Each structure stands twice: as structure tokens, then as C-alpha cells.
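What the coordinates show
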Amino acid sequence: MVLPRPVLVVDDETAIAEMICETLEKQGVRATHCNDAAQALIQIEGLRPALVITDIMMPAWGSGIDAYKRLRSNKRFKDLPVIFLTGMQVDQARRLVPVGDPLARLLHKPVKLAVLLQTIRDLTGDRLLPPAVPGKGASHG
């Protein structure tokens with residue numbers, strides 16, 4: 001049996017990254033995490049994840065935006081869906097996140113589980129999550 005490709009969560013706050021991974025795993029999604037953009041690029045090469053969920057501002061080399069730009073410049077990863085999950089002010093984050101990329105989304109912390117799961121479905125179809133069941137937490141909010 002071939003395991004589905006994982007989701008990579010990138011956040012310098014380990015507790016947040018672990019919480020997102022645990023939440024995804026409860027939904028049946030394989031997930032792993034790292035703490036900075038440089039490590040994310042290394043892990044993406046080896047893991048070939050189905051989706052990346054990344055913070056924008058992180059210490060060390062680069063931001064989530066820098067990692068995203070590096071990914072989009074590589075033809076192997078130009079179609080990799082990316083969710084930016086940030087605690088930045090909405091207007092500031094919107095200025096940083098690329099517009100016009102149908103495979104990129106911006107969400108703000110704290111994010112409701114239903115919103116995160118619906119965004120994952122929007123970007124990946126049913127490859128990672130089963131279709132939402134009406135009345136079972138699939139509402140936006």
C-alpha cells in the first residue's frame with residue numbers, strides 16, 4: 001500500500017506546528033513539521049508533500065514568502081498548494097502573499113478547524129480529505 005503524500009507544516013512556534021499536525025492526523029492526513037523556511041525547502045525536496053501550510057514571518061533564513069518564491073521558481077514544485085497561516089495583521093499579510101496564484105491561500109491565526117479543512121479541500125480536492133459532510137463541521141466561520 002502506498003501512503004498518501006504528507007502535509008508539511010512550517011512554523012517557528014513548535015507548539016502551533018504540532019497542534020496543526022495532530023489536528024490533521026485526527027482527520028486521517030499524514031502530517032509533519034519543521035520550524036523555518038530553510039528546513040522547509042530541504043524537507044520539501046525529500047518528502048514531496050501534497051500541501052504546505054506555512055507561517056509567514058520566521059527567524060533564521062527567509063520567510064514563508066521566500067520559501068514560496070523558491071518553490072515557484074522550481075518546475076517540480078510550481079503546482080504545490082500552499083496555505084499561508086499567519087498571525088500578522090490582515091492588511092500587512094495581504095500585501096505580502098502573492099495574488100493570482102490559484103494554489104495559494106491566506107488564513108489568519110487562530111483559524112477555525114472547519115475553515116482550515118475546507119481550504120485544504122479547495123486546494124487539493126478529495127486527495128487528502130474526504131468530502132465534507134453537511135452539518136459535520138464543514139461550515140465556514
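These notes cover the structure that comes with them. (Residues numbered from 1 in each chain as written. Predicted model: local features only at pLDDT ≥ 70, side-chain atom pairs only at ≥ 80, totals over all residues. Heavy atoms only, no water.)

1. Thoughts on the packing of aromatic side chains
Scanning the model with the defined rule gives one aromatic pair in all. For the pair tyrosine 68 and phenylalanine 84, a centre-to-centre distance of 5.5 Å together with 65° between the ring planes defines the contact as edge-to-face. Remark: phenylalanine 84 occurs in strand β4 (residues 82–86) and tyrosine 68 occurs in helix α3 (residues 64–72); sequence separation between them is 16 residues. (Phe/Tyr/Trp six-rings, centres within 6.5 Å; stacked < 30°, edge-to-face > 60°. Helix = DSSP H or I, 4+ residues; strand = E, 2+ residues; numbered from the N terminus.)

2. A closer look at the state of the cysteines
Considering all chains together, one arrives at zero disulfides under this definition. The structure places no disulfide on cysteine 21, whose sulfur is separated from the nearest cysteine sulfur, that of cysteine 34, by 9.3 Å. Its relative accessible area of 5% is what places cysteine 21 among the buried residues. For cysteine 34, a relative accessible area of 4% corresponds to the buried category. (Disulfide = S-S within 2.5 Å. Buried < 20%, exposed > 50% of the residue type's maximum accessible area, 1.4 Å probe, protein only.)

3. What to know about unusual backbone geometry
The peptide bond linking lysine 109 to proline 110 adopts the cis configuration, its omega dihedral lying at -10°. Topologically, proline 110 is positioned in the loop between β5 (104–108) and α5 (113–124). For arginine 48, which is not glycine, the phi torsion reads 50° and is therefore positive. Secondary-structure assignment places arginine 48 in the loop between α2 (37–47) and β3 (51–54). Looking at arginine 48, the relative accessible area reads 33%, which means it is partly exposed.

4. Examining the sheet that holds β3
Taken in spatial order, the five strands line up as β2-β1-β3-β4-β5 in an open sheet, and their pairing is parallel. Of all the strands in the sheet, just β2 (31–34) and β5 have a single pairing partner and so form its edges. Ignoring which end each strand starts from, the neighbouring axes of this sheet average 20° apart. Inspection of the sheet shows β4 paired to β5 by five bridges, in the parallel sense. The residue of β5 that forms the bridge with isoleucine 83 is arginine 105. (Pairing = 2+ DSSP bridges. Axes fitted to C-alpha atoms, helices over the stretch in contact; angles between N-to-C directions.)

5. Observations regarding the pairing of strand β1 (residues 7–10)
Burial along β1 is two-sided: Val7 and Val9 facing one way and Leu8 and Val10 facing the other are all buried. Bridging between β1 and β2 involves four bridges; their strand directions are parallel. Looking across to β2, one finds that leucine 8 is bridged to threonine 32. Viewed along the sheet, the connection from β1 through helix α1 (residues 14–26) into β2 turns out right-handed. One ladder, built from four bridges, connects β1 with β3; its direction is parallel. (Right-handed = clockwise from strand over helix to strand, strands pointing away.)

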